[in-house]
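Read off the chains here:
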Amino acid sequence: MSERVYADIAVPGVPKDTLTYAVPEGLYERMKPGVRVLVPLGRRLLMGFIVRVHGTMPDFALKAVQQVLDVEPVITPAVQQLCDWVHRYYVCGLGEVLKAALPQGMDVDTARFVSLCSDDEELIARVIGRSRTKAAIIDALRTGEVLSEDELLAAAGTKSISAQLRELMVEGVVQVESVIERPAVRVKTVLAVRLLPEWTRGEKLAELMEIVEARAPKQANIIATLWKHHGQGKRTVPMADLVREAKATAAQVRALEDKEVVEVLDEEVTREWEIRFAEKNKNITLTAAQRAVLGRVTAAVDEGAHRTMLLYGVTGSGKTQVYIDAIRHVLAAGKNALVLVPEISLTPQFVYRFRQAFGGDVTVMHSRMSLGERYDAWRLTLAGNYRVVVGVRSSVFAPLADIGLIVVDEEQDGSYKQSDTVPRYNGRDAVIMRGWFEQAPVLLGSATPSAESWHNARIGKYELLELPERIDGAVLPVIEAVDMAEAKRQRLLRGAFSVALADGIRDRCTRGEASIILHNRRGFAPHVECRDCGYVEECDNCSISLTFHKDADLLRCHYCGTTRRVPVVCPQCGGTDLDRVGLGTQRVEEDLLNAVPEARVIRMDADSTRRKGSHDLILSAFSQGEADVLLGTQMVAKGLDFERVTLVGVVSAEQSLLLPDFRAAERTMQLLTQVAGRAGRGSRPGTVMLQAMQPEHPVLQDVQRHDYTGFMERELQSRRQLYYPPFCRLVLLTFSGEDERAVELAATSYHAVLSREQHFFTMYAPQPALLARINRRYRWQLMLRIEKSHDSDGSRLGAMLARAEEAYLRKVRSKAVSVAVDVDPHAML
């Protein structure tokens, strides 16, 4: 190739979509879209992704690509299309999205190391001048050591030394080199041993054994062990397993290697997430409704075109079995399947059923896996080893080829939306776009569809499929509300429990049945308050009270993680009457054991499931009858199918209705309907008790009537009148920084610029966020409501925000305030 070649590279953390670099002639053949490279930016080497290779020379000076990191693309064409859409619609950097498409730990970073390269004291003194930071850098380097930039940063005791290093380098006082660091994850290998081919014939091996047994019996044990495994079809045996089984040593194996009897080699090992859950397999016969739904899904698969279907099925209607049978059809047609599940619903039970159905064809991807397990699942999917991927939100980027069906279970779940880091995308919406790019049908399943999906089905954008009844003759549970105000007046409370709910739990324990109790707040008490002066212990870093955790006897912030000992006296008035106010799951557990001492209780929340595999152990114990009550936060509300559960209790049913969020009613209806659906899934009828101070609330009435359709119709009517999604698109801009005045200035500056734009949106004045300070950073917010028809792909929004940022930086000339753009936000706090 004689023409010059150039590459457009997306670099994570760089505001521009792509940067153009020259390609050295020796790298021409390796430059492919989706391959990672190292490129110079300033004085650093950074990892980037090739987006386009072309022959158009820009009209400015170029730097050259330094190194190609991959032999083959790590971003497939379909995933690259999806990343481009995510970057445009959610207004974020393309490099950040491409980086998010790869498993954590694959980043290739470079570290800068600095050494002193001049002994001219006069020059050094002149360059240092009055700068204490430069003086600290030079003092640290005078030992003759080569130090990393981080070590010099610590020595200087400041936040940044980039400018000072640059000046020292320009003057020839120091030398800076970039060194490539190894990625955190890579292919794992172990030493393995095999018999060389000439010794795998029985007669020759027998002759060898006669000789070795007499002279070296341990070596004979090794040979015999290898021969046994060879007969079982195992070509190699891991060294550690071999020496243990043969009661030998690695040195004795090496002796056989020297005699050319065995070969010792590095063998690749697959790290796979293991579940410790099992249940009795059932003989399943599909109902007429299931068969009808399955027929429409398989017809869409056979058609080989994109369409989105919403499967609205009541709890216990057999949606999971429809998914499994549809995927069997997909695999028989030579295609593959992608299944998305919310993190909270990715239970060992769900994974167990998929592995029972598809065996080694299925892999799992989620955040509880180790870095190595996630990396192996990703790379083996890329290699074509797996045909079914079951995973959480990030699995939308799984490098799965030839997709014939995409399933999104519990499509309404808020955990599909990434809100805390870039890219702030919704996995459900992104996977629908992936279905479009792959020309594959997408099946959204839920007993409580989101308002957006319900609206899309109602206007015909989605095809509606329904499963209106439970399978196996089971009926929906009877749901009753317990008036907690009346119970309090009649002194019928036992801590957090009404007598009615406590008696119901006791009755199930006596009958050998099980109960699930929901309380969606962890810890023991939401805050500690002084009864003398009203003082409440708050986080020093965040504008939120500290939660008391009794097991650790600590106050903990659930936002920044800071902890503090519980005070003995009030810091404000010196009083000693400090009360633990409110209910967390730890206090509910204590109250339950006081009210029903005979109950065996397992608690399942973020505190009790921190260790790897803890979800499996808890659910397995509950499944096997080792506990009578499963108590937890919303992680017990979905995805659980236990026939022995005949009672569900909700400690505070209207808790989430009180949040200042337009989705509060929808989320409450969904949560209560979902948790109610855990009861009565077998032959025995179920009962649900909703403890509430306002049992007459319309949402609670809808839950009791199982009237999700009526609720959603009224909710959509209200949303239309108030101009909330799905009738508009919300965009939340959150400004944060350590200087409160600078944060307010940034918010008001953006507001002023946006007010002058051509209006395809409405906007309110900026306000402090409800959580005005998190982790020492003050927060202001600006909300936009965008007319969908005027900016369907987000391009106008992206251009407008870029102009607002440029105007703000011209005015302030500081990046001390960060701006987070959240399109279609789910968290409004």
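This write-up is about the structure you can find in this document. (Residues numbered from 1 in each chain as written. Predicted model: local features only at pLDDT ≥ 70, side-chain atom pairs only at ≥ 80, totals over all residues. Heavy atoms only, no water.)

## Considerations on the sheet that holds strand 25 (residues 554-556)
Strand pairing in a sheet is mediated by backbone hydrogen bonds. Such pairs are either parallel or antiparallel.
Thinking step 1. In spatial order, the strands read 24-25-26; together these three strands make up an open sheet with antiparallel pairing. Two strands bound the open sheet, and with one partner strand each, they are strand 24 (547-549) and strand 26 (563-565). On average, adjacent strands in this sheet sit at an angle of 35° to one another, irrespective of strand direction.
Thinking step 2. Pairing between strand 24 and strand 25: three bridges, direction antiparallel. Each bridged residue has a counterpart across the sheet, and for Thr547 the counterpart in strand 25 is Arg556. (Pairing = 2+ DSSP bridges. Helix = DSSP H or I, 4+ residues; strand = E, 2+ residues; numbered from the N terminus. Axes fitted to C-alpha atoms, helices over the stretch in contact; angles between N-to-C directions.)

## What about the packing of aromatic side chains?
Thinking step 1. The final tally for this structure, using the stated rule, is 17 aromatic pairs.
Thinking step 2. Plain terms: the ring middles of Phe354 and Phe358 are 5.9 Å apart, the flat faces sit at 45° to each other, and that makes the pair tilted. Placement of both Phe354 and Phe358 in helix 13 (residues 348-358) is noted, with a separation of four residues, approximately one turn of the helix.
Thinking step 3. By relative accessible area, Phe358 is classed as buried at 8%.
Thinking step 4. Here the aromatic rings of Phe397 and Tyr425 are separated by 5.5 Å at their centres, their planes lie at 65°, and the arrangement is edge-to-face. You can see Phe397 sitting in the loop between strand 15 (388-391) and strand 16 (403-409) and its partner Tyr425 sitting in the loop between strand 16 and helix 15 (427-438), a full 28 residues away along the chain. This pair shows no difference in class: Phe397 is buried, exactly as Tyr425 is.
Thinking step 5. Aromatic ring contacts, followed pair by pair, group Tyr312, Trp454, Tyr708 and Phe711 into a single cluster.
Thinking step 6. Between the NZ or CZ atom of Arg644 and the centre of the ring of Phe622, over which it lies, the distance is 5.3 Å.
Thinking step 7. Over the face of the ring belonging to Tyr778 we find Arg773, whose NZ or CZ atom lies 5.3 Å from the ring centre. (Phe/Tyr/Trp six-rings, centres within 6.5 Å; stacked < 30°, edge-to-face > 60°. Buried < 20%, exposed > 50% of the residue type's maximum accessible area, 1.4 Å probe, protein only. Lys NZ or Arg CZ within 6 Å of the ring centre and 35° of its normal.)

## Thoughts on the environment of Trp780
Thinking step 1. Here Trp780 lies in strand 35 (residues 777-786).
Thinking step 2. Note on Trp780: relative accessible area 13%, which makes it buried.
Thinking step 3. As for Trp780 and Asp540, which are separated by 240 residues in sequence, their C-alpha atoms are 19 Å apart.
Thinking step 4. Setting aside residues no more than four positions away along its own chain, Trp780 makes contact with Leu733, Thr734, Phe735, Val743, Glu744, Ala747, Pro766, Gln767, Pro768 and Ala769. (Contact = heavy atoms within 4.5 Å.)

## Quick notes on the sheet that holds strand 9 (residues 188-195)
Thinking step 1. Spatially, three strands are ordered 10-9-11 in an open sheet, and the strand pairing comes out antiparallel. Edge strands, defined here as strands with exactly one partner in the open sheet, are strand 10 (237-238) and strand 11 (262-269).
Thinking step 2. Pairing between strand 9 and strand 11: eight bridges, direction antiparallel. Opposite Val193, over in strand 11, you have Val264 as the bridge partner.
Thinking step 3. On the sheet, helix 10 (residues 250-258) packs against strand 9 and strand 11 and is oriented at approximately 120° with respect to strand 11.

## Here's the deal with the nonpolar core
Thinking step 1. In this structure, Leu338, Phe397, Leu630, Leu733, Phe735, Leu754 and Leu784 are the most contacted members of the largest nonpolar core, which totals 122 residues.
Thinking step 2. With sequence-adjacent residues up to four places away left out, Leu784 is seen in contact with Arg729, Leu730, Val731, Leu733, Leu754, Phe761, Thr762, Met763, Leu797 and Met800. (Core = buried A, V, L, I, M, F, W, Y, C linked by side-chain atoms within 4.5 Å.)

## Observations regarding the pattern of salt bridges
Thinking step 1. Under the counting rule described, the total for this entry stands at 58 salt bridges.
Thinking step 2. Arg88 is the partner of Asp84 in a salt bridge, and the nearest nitrogen-oxygen pair spans 3.2 Å. With a gap of four residues between them, Asp84 and Arg88 both fall in helix 1 (residues 77-89), about one helical turn apart.
Thinking step 3. With a relative accessible area of 32%, Arg88 lands in the partly exposed category.
Thinking step 4. Within the structure, one salt-bridge network assembled from shared partners comprises Asp507, Arg508, Arg511, Glu513 and Arg684. (Salt bridge = Lys/Arg side-chain N within 4 Å of Asp/Glu carboxyl O.)

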